[in-house]
Amino acid sequence: MSNHLFELSQINKRVVSNVSFTMKEKERLVIFGPSGAGKSTLLHLFNRMEDPDAGVIYYKDKELNTYSIPTLRKEVGLVLQEPHLFPGTVEDNLKFGPSLFDEWSPNQGEKLLGYVNLSKEYLNKDVTELSGGQRQRVSLARTLANNPEVLLLDEPTSSLDEQNIELIEHDLQRLVEEEHVSLVLVTHSMQQAKRLGTTGIYMEEGKIKEHGQMEKLLSDPETEELKQFLQSNSI
Ligand SMILES: Nc1ncnc2c1ncn2[C@@H]1O[C@H](COP(=O)(O)OP(=O)(O)OP(=O)(O)O)[C@@H](O)[C@H]1O
Ligand SMILES: [Mg+2]
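These lines cover the structure that appears in this document, whether it is placed above or below.

Topic: the site of ligand 1
And then number 1: The environment of ligand 1 is formed by Arg-14, Val-15, Pro-34, Ser-35, Gly-36, Ala-37, Gly-38, Lys-39, Ser-40, Thr-41, Glu-155 and His-188.
And then number 2: Measuring from an oxygen atom of ligand 1, one finds a side-chain N or O atom of Lys-39 at 2.7 Å.
And then number 3: One of the side-chain N or O atoms of Thr-41 is found 2.5 Å from an oxygen atom in ligand 1.
And then number 4: Protein burial of ligand 1: of its 630 Å² of free accessible surface, 53% is covered by the chains.
And then number 5: Taken together, the residues that form the shell around ligand 1 break down as 3 nonpolar, 6 polar and 3 charged.

Some remarks on helix α4 (residues 108-115)
And then number 1: If you check which residues of α4 are buried, you get Gly-109, Leu-112, Leu-113 and Tyr-115. Along the long axis of α4, the arc covered by the buried residues comes to 150 degrees, so they all point the same way.
And then number 2: Remark: Asn-117 follows α4 within two positions and exhibits a positive phi of approximately 60 degrees.

A look at the side chain of Asp-171
And then number 1: Structurally, Asp-171 is set in helix α6 (residues 162-179).
And then number 2: Buried charge without a salt bridge: Asp-171, with Arg-137 as the nearest opposite-charge side chain at an N-O distance of 4.6 Å.
And then number 3: Within polar-contact distance, the side chain of Asp-171 engages the side chain of Asn-117 at 3.2 Å.
And then number 4: Once you skip the residues sitting within four places of it in the chain, Asp-171 turns out to touch Tyr-115, Val-116, Asn-117, Arg-137 and Leu-140.

Criteria and thresholds
Residues numbered from 1 in each chain as written. Chains lettered and ligands numbered in written order. Predicted model: local features only at pLDDT ≥ 70, side-chain atom pairs only at ≥ 80, totals over all residues. Heavy atoms only, no water. Near = heavy atom within 4 Å. Polar contact = N/O pair within 3.5 Å; in protein donor to acceptor, adjacent residues only side chain to side chain. Areas by Shrake-Rupley, 256 points an atom, 1.4 Å probe, with all protein chains shown as cover. Nonpolar A, V, L, I, M, F, W, Y, C, P; charged D, E, K, R; others polar. Buried < 20%, exposed > 50% of the residue type's maximum accessible area, 1.4 Å probe, protein only. Helix = DSSP H or I, 4+ residues; strand = E, 2+ residues; numbered from the N terminus. Arc of directions from axis to C-beta. Lys, Arg positive; Asp, Glu negative; His and termini not counted. Salt bridge = Lys/Arg side-chain N within 4 Å of Asp/Glu carboxyl O. Contact = heavy atoms within 4.5 Å.

Shown next as structure tokens:
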């Protein structure tokens, strides 16, 4: 068995054109680049929120479309920029995923909230009573309820203030270190990319311009495109 988590081969989807790369287990991959580059489109392909128009994606050496969607989304969880919670209590939201597999036990709620630094008193709160940062943390906890192996994050902190960004980043660091979750993170913040990423992909107009160690991409970019992008983002 290879230690490939994902392998994308000649993928086309809208602006994304002829993209190929592999991602290893336990990798923390950051996808960055200008608006409209195709970052979200690419991310949505990883758990079949969208399917490619051409090309093949492998997950753990098997074609992605051989997994059932519920199984795939349980293992490969997605957290979006805006928290998307269902009406009801925090607990209603947390138990939704596990209940589909008959895997919810009531004492899980406290543990899940622990991952995102919320006390168990929040379990019975209605989601309308939460602040933006708290909603995003509950949204992350809900994805974690499925015990995912991979977390897909699309600008998860871009609508949060500095304090909440720090909290979420701290939660993510812990997950990576203690639960060995792999990350695919789309972000506009190069500071966040530096803090959370081990490898990076720089995209422009649907193409990969550079792919390598995050530190190297930031300190020693090879392409003119990435050099300019970093300059205009004042790195
Ligand atoms: N559902 C859709 N239908 C048609 N075109 C779309 C759809 N979603 C995105 N696009 C187009 O595909 C291109 C890439 O969009 P995408 O959302 O992947 O970019 P992005 O890199 O995530 O940008 P941003 O940084 O602004 O989020 C854009 O030109 C966008 O208009
Ligand atoms: Mg996007």
